[in-house]
Amino acid sequence: MPKKLTYEQFIDMIRKRLIEEYAVTEEQIKYYAKGTTSDDAKMQEWIRDCNQLYNGEASEALLNDFLIVETPEDENITGVSRIAIEKLYQDYLEKGMDYAYEIVRGGQADLEKSRGNHEALRTRAQGDYEAMKEQLIIRPLNYGLHMRELKGCVYQKFSDFAFVLYQLVSDEGDSLISSKIKREELEQWGCADREEEVMKEAMANTMRRFPPVVYDYRIRQEVNFLEADVTRKDIMMQAGLAGNHILLSTSKCTNGAVALFYPGVVEKMMQVMGGPFNAVLMNTNDILIFDLRERNVTSFAKQAGQSGKMGEMLSSKVYHCDENGINPATQFVTRL
C-alpha cells in the first residue's frame with residue numbers, strides 16, 4: 001500500500017492538478033489558513049460565509065483551511081471557486097486520491113456553469129436601473145453580525161436585523177448567489193430619492209421568485225402558502241412537549257425568513273390561526289409560527305439567538321403579528 005501524503009504534500013498535489021488540468025497559474029491559487037481574519041468588508045463576508053456553510057457558525061475568523069482559485073473573466077469579473085482543503089485531506093485519507101480529485105472537478109464544474117451568470121454582473125456595471133431591476137432581491141441579515149460590511153450598502157433596519165438590497169446572480173440548485181447593492185449605485189441609477197420604491201420592488205421580485213411555503217401534512221409536500229387552501233391543522237407541526245407550531249419559509253429555503261414580511265402573508269396567517277399570532281425567526285432560513293398562548297415560545301427565541309447548521313442567526317426576539325403588522329413582543333424579548 002502506497003504511503004499516505006502529508007498534509008503539505010497533499011496541498012501541493014492539488015495545486016499541481018489544478019494547474020495541469022484547468023490551466024490556472026500558481027498566482028491564481030491562494031491558500032487561506034484557519035484563523036485568518038481581515039479588515040476588508042468583502043473578505044469578512046467571505047469568511048463568515050465559509051464558516052456558516054462548512055461549520056454552521058458565524059465566526060469572524062476562518063474555521064478551516066481553504067484553497068481559492070480565481071479565474072479572471074474580464075476587468076470587472078473574476079470567477080472564484082473554493083476548496084475546503086483541510087476537509088478534502090481527510091476525505092483523501094479515508095477514500096483515496098481519486099475521490100479527492102472528483103471533488104475538485106465538481107467544484108471547477110460548478111464554476112464553469114456560473115460563467116453564464118456573469119452577464120448579470122455586466123448588466124449591473126452599465127448603471128441602468130431599468131435593465132437590472134428584475135434582478136434585485138431582499139435578504140435579511142442580523143445587524144450586529146454584519147454591521148461593518150453593511151457600511152455603504154442599501155438596507156433598512158428593523159428591530160435587531162436589516163433588510164438588505166442584493167442583486168441575485170444565480171439561484172441554480174440549492175445555492176443562492178447574490179451581491180449587495182451599494183448606495184453609490186442607487187445614485188448612478190438616478191434612484192437616490194427612490195430608495196423606498198426600489199426596496200418594495202425588490203421585495204416583490206423576491207416573493208415572485210421564491211414564494212412563501214408551508215408543509216401540508218395531508219399531502220406530505222410543501223405548498224405555496226398564499227395560494228393553497230389550508231387549515232391550521234393541515235400545516236401545524238406536532239412537537240409534543242415543545243409545543244405546536246407552523247414552519248414558514250420560501251421555496252428556496254436559503255433566505256426563507258423573508259417570507260413573513262411578504263405582502264399578504266401575515267393577513268393569511270391570521271386567518272389560519274384564527275387571529276393574532278407570535279413568530280420566532282429561527283435563523284435566516286426559517287420562521288416558526290405560534291399561538292399567542294404558547295409559553296414555550298421563549299425557549300425557541302433563545303435557540304434563535306445562536307447560529308447553527310440550520311442557518312445563521314437573524315433575531316433573538318419574539319414578534320407579535322396582528323392587524324397592525326409585525327412588531328417585537330417586548331414582554332418576550334430574550335436577553336442572552
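Owing to the predicted nature of the structure, the values given are computational and were not obtained by experimental measurement.

Trainee: Explain the pairing of strand β10 (residues 246–250) to me, please; I cannot follow it from the model alone.
Mentor: Regular strands have side chains that alternate between both faces of the sheet. Across the five residues that make up β10, a large majority, four, are buried. Sheet topology note: the strand β8 (residues 212–216)/β10 ladder contains two bridges and is antiparallel. Bridge pairing in β10 places Val-213 opposite Ser-249. Bridging between β10 and strand β12 (residues 287–290) involves three bridges; their strand directions are antiparallel. Across the sheet, Leu-247 pairs through a bridge with Leu-288, a residue of β12.

Trainee: Looking at this structure, how should I read the sheet that holds strand β14 (residues 325–328)?
Mentor: Working definition: the strands of a sheet are paired by backbone hydrogen bonds and lie parallel or antiparallel to each other. Pairing within the open sheet is antiparallel, and its seven strands lie in the order β9-β8-β10-β12-β11-β13-β14. The sheet is open, and its two borders are formed by β9 (221–224) and β14, each paired with just one other strand. Ignoring which end each strand starts from, the neighbouring axes of this sheet average 35° apart. Bridge count between strand β11 (residues 277–281) and strand β13 (residues 318–322): four bridges; the pairing is antiparallel. Bridging across to β13, Phe-277 finds its partner in Cys-321. Along the sheet, helix α11 (residues 265–273) makes contact with β8, β10, β11, β12, β13 and β14, crossing β11 at roughly 125°. The strands touched by helix α12 (residues 297–304) are β11, β12 and β13; relative to β11, the strand with the most contacts, the crossing angle is about 20°.

Trainee: Please clarify how the environment of Ala-204 should be interpreted in this entry.
Mentor: For Ala-204, the location among the structural elements is in helix α9 (residues 195–209). Separated by 67 residues in the primary sequence, Ala-204 and Ile-137 have C-alpha atoms spaced 8.0 Å apart.

Trainee: Can you help me understand the packing of aromatic side chains in this one?
Mentor: Each pair of aromatic rings is reported with the distance of its centres and the angle of its planes. Following the criterion strictly, the structure yields 18 aromatic pairs and no others. Ring plane angle 55° and centroid distance 5.3 Å describe the contact between Phe-10 and Tyr-89, whose orientation is recorded as tilted. Of this pair, Phe-10 sits in helix α1 (residues 7–22) while Tyr-89 is found in helix α3 (residues 85–95), placing the two residues 79 residues apart along the sequence. Using a relative accessible area of 0% as the deciding quantity, one classes Phe-10 as buried. Since its relative accessible area comes to 12%, Tyr-89 is described here as buried. Counting every residue linked through ring pairs, the aromatic cluster contains Phe-158, Phe-161, Phe-163, Phe-261 and Tyr-319. Over the face of the ring belonging to Tyr-143 we find Lys-157, whose NZ or CZ atom lies 5.0 Å from the ring centre.

Trainee: Before we go on, may I ask you to explain the packing of α1 against α3 in this structure?
Mentor: The geometry of a pair of packed helices is captured by two quantities: the angle between their axes and the separation between those axes. Two elements in contact, α1 and α3, have axes whose closest approach is 10 Å; the angle formed by their N-to-C orientations is 105°. Overall, the two elements α1 and α3 adopt an arrangement that is roughly perpendicular. Residues Tyr-7, Phe-10, Ile-11 and Ile-14 of α1 form the contact with α3, whose own contacting residues are Ile-85, Glu-86, Leu-88, Tyr-89 and Tyr-92. Here the contact of α1 with α3 is built from residues that sort into eight nonpolar, no polar and one charged.

Reading the values: rules and limits
Residues numbered from 1 in each chain as written. Predicted model: local features only at pLDDT ≥ 70, side-chain atom pairs only at ≥ 80, totals over all residues. Heavy atoms only, no water. Buried < 20%, exposed > 50% of the residue type's maximum accessible area, 1.4 Å probe, protein only. Helix = DSSP H or I, 4+ residues; strand = E, 2+ residues; numbered from the N terminus. Pairing = 2+ DSSP bridges. Axes fitted to C-alpha atoms, helices over the stretch in contact; angles between N-to-C directions. Contact = heavy atoms within 4.5 Å. Phe/Tyr/Trp six-rings, centres within 6.5 Å; stacked < 30°, edge-to-face > 60°. Lys NZ or Arg CZ within 6 Å of the ring centre and 35° of its normal. Parallel < 35°, antiparallel > 145°, perpendicular 65-115°, else oblique. Nonpolar A, V, L, I, M, F, W, Y, C, P; charged D, E, K, R; others polar.

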